[in-house]
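Overview (structure and organization)
This is what each chain is made of:
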Amino acid sequence: MQGLLAWVPLLPLIGFLILVGIPLFYRREPPESVIALIGVGSVGIAAICTAVATAAVFWQTPSAVVNIALWQWMQLGDLQLGINFHVDWLALVMMMIVTGVGFLIHLYSAGYMRKDPDFRRYFAYLNLFIFAMLILVMADNLVLLYLGWEGVGLCSYLLIGFWYKDPVNGTAACKAFIVTRIGDTAMAIGLFLLFYEFSTLNIPQLITAADDPGANREMITIATLLLLGGAVGKSAQLPLQTWLPDAMAGPTPVSALIHAATMVTAGVYLIARMHPLYILSETAMTAVATVGALTLLLAGFSAIAQSDIKRVLAYSTISQIGYMFLALGVGAWSGAIFHLMTHAFFKALLFLSAGSVILSLHHEQNIFSMGGLYRKIPFTCLCFTIGCACLAALPLTSGFYSKDQILLRAWEFHEGFNSLWFAGVLGALITGIYTFRVLFLVFAGTEGTASIQCKDANTPVMTIPLAILATLALLGGLLTPPLQAVFGTIVEKHPAAWVEGVAIAMPLIGLVVAWQLFRREKKTGEQRSRVTQFWFSGWGFDWLYDHLLVRPFNTLSRLNHNDIIDALYKGTAAFSRQLNMLLSASQNGQVRWYLATFAAGSILFLALLVAL
């Protein structure tokens, strides 16, 4: 079984190597069917291997842990690292999401990206991403995890800027790469501190060492806050959330895979994996919960004001990951991972359904140009509606069960009404508003200017993934992963029935408010007040960073266009050349001059000896 699990990350790597190596052996591009077979098949087989391992080992023994030692990577003093995997139920849930949902998105991409001139490059990047993400979640040490962490960052850059000939896409890719590097730098410093304090970066050993009563709790707090910085960058949380809305420049399946179902949840996985360290620091736990609560509200309000269907879903992703951070901060570890799993189902469904809408409307993304599409693309409408119901957490949907766990735990954490629970409940109301607002504007009412030209672009290879994801989104609440062996059992205090009633009522109230917004916006069109314009701009964070960081840096660059540091080196070189020319002038070939200089130097030397 260990060998089977070791093949899971290796298969997409093989697919990537084959796809990039084809030009070395064949001068012509292979048919799209062959490329799709390699790209989709490698991930599909990896998903089968994961499912077999789950059924054979983990489902029968939830507490099972499989350690796979492949080879020694490096040994530098106390630092001993191997290419080794540590697979428990936490890693397994992530592996099932990465390979399972990843396979469905690959399959959908085979239809969505057909006739694209860079079809092979697209699938090569996707395969490389799956490999890097699997390394991240299976790693048994933080350096190997960091290798996968940076790998998915690279693939994100490549896929956001996939259509690089458009400068907007290149700018969005650079923005994502630079902003996430800020968090990655914080994370790297955190790893240095952990190794300095505990002399290991092996995750099980690190957790055991930190649990020692003599461990430096202040150092643990600083290190966990730095790890939080890395998680904030990768998961697009406050204050590093600005890159994700612009990342919608890439192909829509990329948004479904990287920026909804897998990569942006890596920060949640990191904190959950290192949860024994966070439990030791109340400051770090409070910081995680606060970041999550603020982010879910800010992103939710921004989603209400958007007019681009993909940007609505992008802000929705930021908001829902905020719920996961809130769950982690209040100790609802299992709830956070459960919501991560259900979110992967319904958000991938929403993005892929949005991709079908965009393709059917000849790449129109403005929701105010849509409307009445339920008549022309009924299957896509059904899938999008199911996704919206799950996102809004309507009762009996998967999103309801996972979000309910988070809100109840937030109530229990402070034993009653508290700001974190209130933020979660208010966020549920906002989620209902922006979710059904976009549903009504796209599919209900009269046809918009773009809807008139609508032609269903779904092919069977696109329809099958949508149907499977719709089923998972509806029934995913029944697939609660057995994470008790990883996180332990939390004793629930069962709050009053009205507390859960409030959580149920919020999305329903949001639905009513969204209907009223839809009726008003259908008449007024894309008009915004000052408040909604502020929300539309992402609360002005781009403006703030532009004036606080970008413009001062550009000004310094202009002032230093000759580079002061280079000028110091050039000045040293120029001085050396002048000194060389001066000394060279003394070499004139006249023996009398040499003898006189020698005599003068000798006299001066003797005089100095006498004087001293």
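As shown above, the structure is provided for reference.
The model shown is predicted, which means the values in this text are computed figures rather than measured ones. (Residues numbered from 1 in each chain as written. Predicted model: local features only at pLDDT ≥ 70, side-chain atom pairs only at ≥ 80, totals over all residues. Heavy atoms only, no water.)

Before going further, it helps to spend a moment on the overall build of the protein. Scanning the protein from N- to C-terminus turns up 25 helices and two strands. Taken over the C-alpha atoms alone, the protein extends approximately 105 × 60 × 55 Å along its principal axes. In the protein, which comprises 612 residues, the proportion classed as buried is 55%. Residue pairs at least 24 apart in sequence account for 81% of intrachain contacts in the protein once pairs closer than 6 positions are excluded. Between the mean site of the 33 positive side-chain charges and the mean site of the 31 negative ones, the protein shows a separation of 12 Å. (Helix = DSSP H or I, 4+ residues; strand = E, 2+ residues; numbered from the N terminus. Buried < 20%, exposed > 50% of the residue type's maximum accessible area, 1.4 Å probe, protein only. Contact = heavy atoms within 4.5 Å. Lys, Arg positive; Asp, Glu negative; His and termini not counted. Charge placed at Lys NZ, Arg CZ, Asp CG, Glu CD.)

For a regular strand, side chains alternate in direction, first toward one face of the sheet and then toward the other. The pairing of strand 1 (residues 66–76) with strand 2 (residues 79–87) spans nine bridges and is antiparallel. By the bridge assignment, Met-74 is partnered in strand 2 with Leu-81. Here strand 1 folds back onto strand 2, and the loop between the two strands holds two residues, one of which, Gly-77, carries a positive phi near 65°. (Pairing = 2+ DSSP bridges.)

It is worth spelling out unusual backbone geometry at this point. Residue Leu-238 is joined to Pro-239 through a cis peptide bond whose omega torsion reads 5°. Along the polypeptide, Pro-239 turns up in the loop between helix 8 (217–234) and helix 9 (243–246). Its identity is not glycine, yet His-362 carries a phi of approximately 60°, on the positive side. Positionally, His-362 belongs in the loop between helix 15 (333–360) and helix 16 (378–391). Judged by relative accessible area, which is 54%, His-362 ranks as exposed. Notably, Leu-396 is not glycine yet its phi reads approximately 75°, a positive angle.

Here we take up the side chain of Thr-99. Tracing the backbone shows Thr-99 in helix 3 (residues 89–112). Once you skip the residues sitting within four places of it in the chain, Thr-99 turns out to touch Val-8, Val-43, Ala-46, Ala-47, Thr-50 and Leu-134.

A complete count under the given rule lists two cavities of 30 Å³ or more for this structure. A volume near 50 Å³ is recorded for the largest cavity. Taken together, Ala-393, Phe-400, Lys-403, Asp-404, Leu-407, Ala-428, Ala-503 and Pro-507 form the lining of the largest cavity. Contributing elements (two or more residues each) for the lining of the largest cavity: helix 17 (398–413) and helix 21 (497–524). Counting residues per element, the lining of the largest cavity draws most heavily on helix 17, at four residues. Residues belonging to the lining of the largest cavity are distributed by class as follows: six nonpolar, no polar and two charged. Each pocket or cavity is described by its volume, and for the second largest cavity that value is around 40 Å³. In terms of lining residues, the second largest cavity is bounded by Gly-153, Ser-156, Tyr-157, Ala-176, Phe-177, Thr-180, Arg-181, Lys-234 and Met-263. (1 Å grid on protein atoms, 1.4 Å probe; cavity = no way out; pocket = protein on both sides within 12 Å on 5 of 7 lines; lining within 4 Å. Points joined across faces, edges and corners; volume = space filled by probe spheres on them. Nonpolar A, V, L, I, M, F, W, Y, C, P; charged D, E, K, R; others polar.)

One pass over the structure, following the stated rule, counts 13 salt bridges. Arg-437 is paired through a salt bridge with Glu-521; the nearest N and O atoms lie 2.9 Å apart. Remark: Glu-521 occurs in helix 21 and Arg-437 occurs in helix 18 (residues 419–443); sequence separation between them is 84 residues. What makes Arg-437 buried here is its relative accessible area of 1%. (Salt bridge = Lys/Arg side-chain N within 4 Å of Asp/Glu carboxyl O.)

Membership of the largest hydrophobic core comes to 209 residues, with the highest contact counts inside it found for Val-87, Leu-145 and Tyr-278. It is helix 15 that provides the largest number of residues to this core, a total of 18 residues. Setting aside anything within four residues of it in sequence, one finds Leu-145 in contact with Leu-136, Ala-139, Met-187, Ile-203, Tyr-269 and Leu-270. (Core = buried A, V, L, I, M, F, W, Y, C linked by side-chain atoms within 4.5 Å.)

Turning to the packing of helix 1 (residues 2–25) against helix 2 (residues 32–58), a few remarks are in order. At their nearest, the axes of helix 1 and helix 2 sit 8 Å apart, and the two run at 175° to each other. Viewed along their axes, helix 1 and helix 2 adopt a mutual orientation that is roughly antiparallel. The residues of helix 2 that touch helix 1, namely those facing Leu-4, Leu-5, Val-8, Leu-11, Pro-12, Gly-15, Ile-18 and Leu-19, are Ile-35, Ile-38, Gly-39, Ser-42, Ile-45, Ala-46, Cys-49, Thr-50, Val-52, Ala-53 and Phe-58. (Axes fitted to C-alpha atoms, helices over the stretch in contact; angles between N-to-C directions. Parallel < 35°, antiparallel > 145°, perpendicular 65-115°, else oblique.)

Taking 1.5 Å of rise per residue, the 21 residues of helix 25 (residues 591–611) would be expected to cover 30 Å, and the 30 Å separating its terminal C-alpha atoms lies within 8% of that figure. Buried residues are scarce in helix 25, accounting for zero of its 21 residues. (Expected span 1.5 Å × (residues − 1).)

In this fold, Phe-534 is placed in helix 22 (residues 530–536). Note on Phe-534: relative accessible area 39%, which makes it partly exposed. Residues in contact with Phe-534, not counting those within four places in the same chain, are Trp-539 and Gly-540.

Together, Trp-543, Leu-544, Leu-548, Leu-549 and Val-550 make up an exposed nonpolar region whose accessible area comes to about 510 Å². Tracing the backbone shows Leu-548 in helix 23 (residues 541–559). Overall, Leu-548 belongs to the exposed group, its relative accessible area being 54%. (Patch = residues over 30% accessible without salt bridge, like charges linked within 9 Å, V, L, I, M, F, W, Y side chains within 5 Å. Areas by Shrake-Rupley, 256 points an atom, 1.4 Å probe, with all protein chains shown as cover.)

Among the secondary structure elements, Thr-54 is positioned in helix 2. Apart from the residues lying within four places of it in its own chain, the contact partners of Thr-54 are Trp-59, Trp-89, Leu-92 and Met-96.

As enumerated under the stated definition, the model contains 23 aromatic pairs in all. Here the aromatic rings of Tyr-108 and Tyr-112 are separated by 5.9 Å at their centres, their planes lie at 25°, and the arrangement is stacked. One end of the pair is Tyr-108 and the other is Tyr-112, both in helix 3 and four residues apart, which spans about a single turn. When sorted by exposure, Tyr-108 lands in the same class as Tyr-112, which is buried. For the pair Phe-301 and Trp-535, a centre-to-centre distance of 4.7 Å together with 35° between the ring planes defines the contact as tilted. Note that Phe-301 is positioned in helix 13 (residues 282–304) and Trp-535 in helix 22, a separation of 234 residues in sequence. The partly exposed category is assigned to Phe-301, whose relative accessible area is 21%. Of the residues examined, Trp-535 reaches a relative accessible area of 17% and is grouped as buried. Above the face of the Phe-177 ring, Arg-181 is positioned so that its terminal group lies 4.3 Å from the ring centre. (Phe/Tyr/Trp six-rings, centres within 6.5 Å; stacked < 30°, edge-to-face > 60°. Lys NZ or Arg CZ within 6 Å of the ring centre and 35° of its normal.)

So, about the packing of helix 14 (residues 309–329) against helix 18. At a minimum axis distance of 11 Å, the contact between helix 14 and helix 18 shows a crossing angle of 160°. Comparing the axis directions of helix 14 and helix 18 gives the class roughly antiparallel. Helix 14 and helix 18 meet at a crossing whose hand is left-handed. Between helix 14 and helix 18, the residues in contact are Ile-309, Val-312, Ser-316, Ser-319, Gln-320, Tyr-323 and Leu-326 and Leu-420, Gly-424, Gly-427, Ala-428, Thr-431, Tyr-434, Val-438 and Val-442, respectively. Here the residues of the contact of helix 14 with helix 18 sort into nine nonpolar, six polar and no charged. (Left-handed = near helix turned anticlockwise from the far one by under 90°.)

Everything listed is a geometric property; what it means functionally is a separate question.
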